[in-house]
Amino acid sequence: MDFQVSLPLDSDGFLRRECPHCMQEFKWHHGPANEEAETANEPAAYTCPLCGQPAGSDSWFTQAQLDFIEQASGPMLAQVVDDELDRMFRGISSKHIKVKQTGRLDVPPQPDPMTEPDDMVIVASPCHAYEPVKVPEGHAGALYCLVCGAAFAT
Ligand SMILES: [Zn+2]
Ligand SMILES: [Zn+2]
């Protein structure tokens, strides 16, 4: 069984992320930004541009994204079960046996799709400029490279 939940990108192609250490939000560019990014190996961990702490590439979901994934996958699972029941009932119907399926499983509605505002400002680290991030406007102090964790000033 395979289903996908899509998270929205802003109009520059950035995905909102939340640091598991400092809980601040930033955005990273979703997918390769250019050829150089395409040929670079995906790092095992990314570094939070705001606090400089590293975490694995799947630990950056915002609470809103986690809630959305949970809400969206429930109905999808229920729909799969419902379709499966349909198939089963069709399978045992014949002209001798009449099978009527009474009552269907309640398939909860899909949540409204998430939207992504075009907030924050784009910054690129000098060492890995092909992997730009967006940080909250007015962020003061050093930033850290998403790819290698090196500190840089804006
Ligand atoms: Zn952080
Ligand atoms: Zn770097």
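Let me begin by describing the structure that accompanies this report. (Residues numbered from 1 in each chain as written. Chains lettered and ligands numbered in written order. Predicted model: local features only at pLDDT ≥ 70, side-chain atom pairs only at ≥ 80, totals over all residues. Heavy atoms only, no water.)

Looking at the coordination of the zinc ion (ligand 2)
Then, number 1: The protein atoms that coordinate the zinc ion (ligand 2) are Cys 127 (SG), His 128 (ND1), Cys 145 (SG) and Cys 148 (SG), at distances of 2.0 to 2.3 Å.
Then, number 2: Around the zinc ion (ligand 2) sit four donor atoms, and with donor-metal-donor angles ranging over 100 to 119 degrees the site reads as tetrahedral.
Then, number 3: When the donors of the zinc ion (ligand 2) are listed by position in the chain, the intervening gaps give C-H-x16-C-x2-C. Here Cys 127, found in the loop between strand 5 (121–123) and strand 6 (133–135), pairs with Cys 148, found in the loop between strand 7 (143–144) and strand 8 (151–152); they are 21 residues apart in sequence, far enough to count as distant.
Then, number 4: Judged by its relative accessible area of 42%, Cys 127 falls in the partly exposed class. (Donors = N, O, S within 2.8 Å, 3.2 Å for Na, K, Ca; no water. Tetrahedral: all angles 85-135°; square planar, octahedral: opposite > 155°, others 65-115°. Helix = DSSP H or I, 4+ residues; strand = E, 2+ residues; numbered from the N terminus. Buried < 20%, exposed > 50% of the residue type's maximum accessible area, 1.4 Å probe, protein only.)

Some words on the layout of surface pockets
Then, number 1: For the largest pocket, the calculated volume is near 480 Å³.
Then, number 2: Around the largest pocket sit 23 residues that line it, and Trp 28, His 30, Gly 31, Glu 42 and Tyr 46 are the ones nearest its centre.
Then, number 3: Put simply, the parts of the chain that give the lining of the largest pocket at least two residues each are strand 1 (14–18), strand 2 (25–29) and helix 1 (35–39).
Then, number 4: Across the lining of the largest pocket, the residue classes tally to 14 nonpolar, five polar and four charged. (1 Å grid on protein atoms, 1.4 Å probe; cavity = no way out; pocket = protein on both sides within 12 Å on 5 of 7 lines; lining within 4 Å. Points joined across faces, edges and corners; volume = space filled by probe spheres on them. Nonpolar A, V, L, I, M, F, W, Y, C, P; charged D, E, K, R; others polar.)

Notes on unusual backbone geometry
Then, number 1: A positive phi angle, close to 65 degrees, is found at Met 23, a residue other than glycine.
Then, number 2: Locating Met 23 in the fold gives a position in the loop between strand 1 and strand 2.
Then, number 3: Accessibility expressed as a relative area gives 52% for Met 23, which makes it exposed.

A short note on the coordination of the zinc ion (ligand 1)
Then, number 1: Donor atoms from the polypeptide that bind the zinc ion (ligand 1) are Cys 19 (SG), Cys 22 (SG), Cys 48 (SG) and Cys 51 (SG), placed at 2.2 to 2.3 Å.
Then, number 2: Considering all four donor atoms around the zinc ion (ligand 1), angles at the metal cover 102 to 116 degrees and the coordination shape is tetrahedral.
Then, number 3: We note that the donor set of the zinc ion (ligand 1) lies within a single chain, spaced as C-x2-C-x25-C-x2-C. Of this pair, Cys 22 sits in the loop between strand 1 and strand 2 while Cys 51 sits in the loop between strand 3 (45–47) and strand 4 (54–56), and the two are 29 residues apart along the sequence.
Then, number 4: For Cys 51, a relative accessible area of 25% corresponds to the partly exposed category.

A word on the pairing of strand 2
Then, number 1: The element strand 2 is largely enclosed, with a buried count of four among its five residues.
Then, number 2: Inspection of the sheet shows strand 2 paired to strand 6 by two bridges, in the antiparallel sense. If you follow Lys 27 over to strand 6, its bridge partner there is Lys 134. (Pairing = 2+ DSSP bridges.)

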